[in-house]
Amino acid sequence: MTHDLKLHTRRLFLLSGAACLTLPVIGCAITAAPRETFDLTAAQTDRVRRASSRTLVITRPISVQTYETERVVVRSAGGVLSYLPKAQWSDSLPVLIQTRLLETFENAAFKNVGRPSDQLSVDVTLATEIRAFEIDTTSTPPQASVKLSAKLVNERRGSIFASAVFSATVPLQRTVDVGAIASLDSALHDVALQILSWSAKSA
């Protein structure tokens, strides 16, 4: 998984004014250093059977400003939020999650699914919110934590007919950034598959 996740970019971004993180397992950058760029991947799964054939559109997740970024969030004691000093996502986190959710549905041969830009005649919208997508150093051992809330909206009636919160945690695989990213990717797979199964039964 490590080789699939790690993307070297031509442009490397330098840290500016970032305080050194005191993280027992993540490590700490004493001087400015280039960031490496990482991607998230879609979950692989068997074909899923739907309860209906309605057209489902997956929208871009909403979130608080903390997650509206390309940076990788770290939660420390006292609710302190910071970022991994040497890592960044390949795009803003909400865009990545939307794309990987859609790819997970497509991997499962989920019929009639797309995104708003596909200009489909929409029956149902899957709207999500990022509640957590972070490395949590307050747990023992530290872990990757992903939590998404999801709503299914009947676009014909303009009403929400199903909602749920899905979450997963995965212990950090290694004590460097690439291990932390791999754990976040695994947690996203778990949550994406939960949302897929729920949507297949409900939408």
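Nothing here was measured: the structure is a model prediction, and the numbers come from that model.

### Quick notes on the side chain of Thr 137
Then, number 1: Note on placement: Thr 137 falls in the loop between strand S7 (124-136) and strand S8 (143-154).
Then, number 2: Residue class for Thr 137 comes out buried when judged on its relative accessible area of 16%.
Then, number 3: Among the polar contacts listed, one links the side chain of Thr 137 to the backbone oxygen of Arg 75, at a separation of 2.9 Å.

### Concerning the nonpolar core
A general feature of soluble globular proteins is that nonpolar side chains tend to end up buried together.
Then, number 1: Counting residues in hydrophobic clusters, the biggest one holds 49 residues, and the most contacted among them are Leu 56, Trp 89, Phe 105, Leu 126 and Phe 133.
Then, number 2: Contributions of two or more residues to this core are made by strand S3 (56-58), strand S4 (71-76), strand S5 (80-89), helix H2 (93-107), S7, S8, strand S9 (159-171) and helix H3 (177-202).
Then, number 3: Examining the composition of this core, we find that 12 residues originate from one element, H3, more than from any other.
Then, number 4: Apart from residues lying up to four places away in sequence, Phe 133 is in contact with Leu 40, Tyr 67, Val 73, Trp 89, Leu 93, Ile 97, Ser 145, Val 146, Leu 184 and Leu 188.

### Considerations on the packing of H2 against H3
Then, number 1: Where H2 meets H3, the axes come as close as 10 Å, and the angle between the chain directions of the two elements is 55°. Here H2 is positioned oblique relative to H3, judged by the angle of their axes. As H2 runs across H3, the sense of the crossing is right-handed. Taken together, the residues of H3 that come into contact with H2 (itself represented by Arg 100, Leu 101, Thr 104 and Phe 105) are Leu 188, Ala 192, Leu 193, Ile 195, Leu 196 and Ser 199.
Then, number 2: Tallied by class, the residues present in the contact of H2 with H3 amount to seven nonpolar, two polar and one charged.

### So, the packing of aromatic side chains
Then, number 1: Taken as a whole, this structure holds three aromatic pairs when the rule is applied.
Then, number 2: Ring centres of Trp 89 and Phe 133 lie 6.0 Å apart, and the angle between their planes is 75°; this geometry places the pair in the edge-to-face category. A residue pair is termed long-range when its members are at least 10 positions apart, and Trp 89 in strand S5 and Phe 133 in strand S7 qualify at 44 residues. Each of the two residues, Trp 89 as well as Phe 133, counts as buried.

### Brief notes about the pattern of salt bridges
Then, number 1: Tallied over the full model, the rule gives six salt bridges.
Then, number 2: Residue Glu 68 is joined to Arg 60 by a salt bridge in which the shortest nitrogen-to-oxygen separation is 3.0 Å.
Then, number 3: By relative accessible area, which is 27% here, Glu 68 ends up partly exposed.
Then, number 4: Judged by relative accessible area, which is 37%, Arg 60 ranks as partly exposed.
Then, number 5: A salt bridge links Arg 156 to Asp 123, with the shortest nitrogen-to-oxygen separation between them at 2.8 Å. You can see Arg 156 sitting in the loop between S8 and S9 and its partner Asp 123 sitting in the loop between strand S6 (113-114) and S7, a full 33 residues away along the chain.
Then, number 6: Salt bridges here are not isolated pairs; linked through shared partners, they connect Asp 39, Arg 100 and Glu 103.

### Considering the side chain of Arg 100
Then, number 1: Mapped onto the secondary structure, Arg 100 falls in helix H2.
Then, number 2: Setting aside residues no more than four positions away along its own chain, Arg 100 makes contact with Asp 39, Leu 40, Thr 41, Ala 42 and Leu 188.

Cut-offs used in this document
Residues numbered from 1 in each chain as written. Predicted model: local features only at pLDDT ≥ 70, side-chain atom pairs only at ≥ 80, totals over all residues. Heavy atoms only, no water. Helix = DSSP H or I, 4+ residues; strand = E, 2+ residues; numbered from the N terminus. Buried < 20%, exposed > 50% of the residue type's maximum accessible area, 1.4 Å probe, protein only. Polar contact = N/O pair within 3.5 Å; in protein donor to acceptor, adjacent residues only side chain to side chain. Core = buried A, V, L, I, M, F, W, Y, C linked by side-chain atoms within 4.5 Å. Contact = heavy atoms within 4.5 Å. Axes fitted to C-alpha atoms, helices over the stretch in contact; angles between N-to-C directions. Parallel < 35°, antiparallel > 145°, perpendicular 65-115°, else oblique. Left-handed = near helix turned anticlockwise from the far one by under 90°. Nonpolar A, V, L, I, M, F, W, Y, C, P; charged D, E, K, R; others polar. Phe/Tyr/Trp six-rings, centres within 6.5 Å; stacked < 30°, edge-to-face > 60°. Salt bridge = Lys/Arg side-chain N within 4 Å of Asp/Glu carboxyl O.

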